[in-house]
There are 2 protein chains.
Amino acid sequence: MAKRPVPDIVVGRLPIYLRELNYLVEERKFITSSQELADRLGFSSAQIRKDLSFFGEFGKQGAGYETLFLRDKLSEILKADRVWDIVLVGAGYLGHALASYGGFLGRGFRIAAIFDNDPDKIGRPIGGLVVQDSRELPQAIQDNGWQIAILAVPAAAAQEIADTLVASGIRAILNYAPRILNVPPGVRIQYIDPVIDLQHMTYYL
Amino acid sequence: MAKRPVPDIVVGRLPIYLRELNYLVEERKFITSSQELADRLGFSSAQIRKDLSFFGEFGKQGAGYETLFLRDKLSEILKADRVWDIVLVGAGYLGHALASYGGFLGRGFRIAAIFDNDPDKIGRPIGGLVVQDSRELPQAIQDNGWQIAILAVPAAAAQEIADTLVASGIRAILNYAPRILNVPPGVRIQYIDPVIDLQHMTYYL
DNA sequence: TAGATTGTTAATCGATTAACAATC
DNA sequence: TAGATTGTTAATCGATTAACAATC
């Protein structure tokens, strides 16, 4: 029951809560509290209760939260209660690792296709899929209605491919290329650059 | 000249500035402004000036910033003006991709060694290195004085390995396992979990 | 019931932005 | 110089936390 737009920073924490709830369920802990979650995640219990309160009342006073119930609620809110097709662009080492990653399925995502522009890679099988020619990318996106892409290409190629993706209907991009991408409003981007994270830490060493 | 502890959120943006400055230098743009940087990064110019002001005065009124100079200053601040050895734990697909990633060198990092506990993987060459036995990990960390580790192991093994790493002297961990890690104060952790980023975006779809 | 924990409000804390004097 | 842009201050904005009534 979100009356007002939920702060993006709150949305960003929900997947972390969801992941932890899944671990709790795995451990057969069917009841938890904001305090227990806070301890496990390193957050404050007040923050967890506040975050959840943007979306509804999921707990019982004095009793805490049912993990199965809260897990399902967060799944719904994040639209993680279905399987999303992802189109993967880039069939290098990283693309290979992502295509072979067992952690997507079971958490709501499936690599549906892999594209690359390297003739040596096109046609080769990777993790149960065959690498397709990048030139067929726009048509394939439109035909299949894919909305999510993972970019695992060299930095120099990232912006151009992003333009193609967006023009073809992609609305969310997980970008592994070490580049800020320019996209129109309404298209979401998340960035993963391990060097950024490493340099963040070396500051403190 | 940081008088007070610099907010961590500011430290976290410095690597992004540094990366963009390197692109500017590549493009042979030797002068820039907070406004140009802001446009390229999608930040506000005030924020960039404020962030930099925690560390000194790097620009000239009316003229802007010399990209080479500012790049070098940020490199120093982030300790990216040297090459850090990284110990990589986990020789699966992801470990393979990381070991073969060309983007570390040139940005201050070098995979110095790879460890795994799988007998089938130990002894095999990956990206110019030979996978070593995890049991030798503590000794190797101590002998070489490694301070940074990348964790690319299954979630179930992550905490135990993190404990070993920390006990052996590691002070910064880039964790690809989808788990919050418990470490003593003084040890930095950064998390990379693509599913978290994907679920953050599906909320808006 | 008594004890515990939620959901929520108000207070605090921190980060971002606007604005402008300083000055190159 | 005139124009431009920094560095910094103060104001605004937003996020986190503390506290507690509600209530299971």
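Residues numbered from 1 in each chain as written. Chains lettered and ligands numbered in written order. Predicted model: local features only at pLDDT ≥ 70, side-chain atom pairs only at ≥ 80, totals over all residues. Heavy atoms only, no water.

Trainee: Before we move on, can you summarise the side chain of Arg19 of chain A with the specific residues and values?
Mentor: By the secondary structure assignment, Arg19 of chain A is in helix H1 (residues 8-26). Of the polar contacts made by the side chain of Arg19 of chain A, one reaches the side chain of Asp193 of chain B; its length is 2.9 Å. Setting aside anything within four residues of it in sequence, one finds Arg19 of chain A in contact with Arg107 of chain A together with Pro178, Arg179, Ile180, Asp193 and Ile196 of chain B. (Helix = DSSP H or I, 4+ residues; strand = E, 2+ residues; numbered from the N terminus. Polar contact = N/O pair within 3.5 Å; in protein donor to acceptor, adjacent residues only side chain to side chain. Contact = heavy atoms within 4.5 Å.)

Trainee: Account for the relation of the copies chain B and chain A, with residues named and values stated.
Mentor: When chain B is fitted to chain A, the residual RMSD is 0.0 Å, and the transformation amounts to a turn of 180° plus an axial shift of 0.0 Å. Taken together, the rotation and translation describe the operation of a two-fold axis. It is Ala97 of chain B whose C-alpha, among those of chain B, lies nearest the rotation axis, at 3.2 Å. Here 100% of the interface residues in chain B have copies in chain A that are interface residues too; the copies meet face to matching face. (Least-squares fit on C-alpha atoms with pLDDT ≥ 70 in both.)

Trainee: Describe the protein's contact with DNA strand D, listing the residues and the values that go with them.
Mentor: Within the structure, DNA strand D sits among 25 residues, and Ser34, Arg49, Gly59, Gly62 and Tyr65 of chain B are positioned closest to it. Here Gly62 of chain B contributes a backbone N or O atom positioned 3.0 Å from a base oxygen of DNA strand D. Within the side chain of Tyr65 of chain B, a nitrogen or oxygen atom sits 2.8 Å from a phosphate oxygen of DNA strand D. Mapped by element, the contributors of at least two residues to the surface near DNA strand D are H1 and helix H3 (45-53) of chain A together with helix H3 (45-53), strand S2 (59-60) and strand S3 (64-66) of chain B. Here the surface near DNA strand D takes 4 residues from H3 of chain A, the largest share from any one element. Broken down by class, the residue content of the surface near DNA strand D amounts to 6 nonpolar, 11 polar and 8 charged. (Near = heavy atom within 4 Å. Nonpolar A, V, L, I, M, F, W, Y, C, P; charged D, E, K, R; others polar.)

Trainee: So what's going on with the protein's contact with DNA strand C? Residues and values would help.
Mentor: In the vicinity of DNA strand C lie 25 residues, with Ser34, Arg49, Gly59, Gly62 and Tyr65 of chain A positioned nearest. What you see for DNA strand C is that sugar and phosphate hold 62% of its atoms within 4 Å of the protein. The backbone of Phe58 of chain A places a nitrogen or oxygen atom 3.0 Å from a phosphate oxygen of DNA strand C. Contact between DNA strand C and Tyr65 of chain A: a phosphate oxygen at 2.8 Å from a side-chain N or O atom of the residue. Where the surface near DNA strand C is concerned, the elements lending two or more residues are H3, strand S2 (59-60) and strand S3 (64-66) of chain A together with helix H1 (8-26) and H3 of chain B. Here the residues of the surface near DNA strand C sort into 6 nonpolar, 11 polar and 8 charged.

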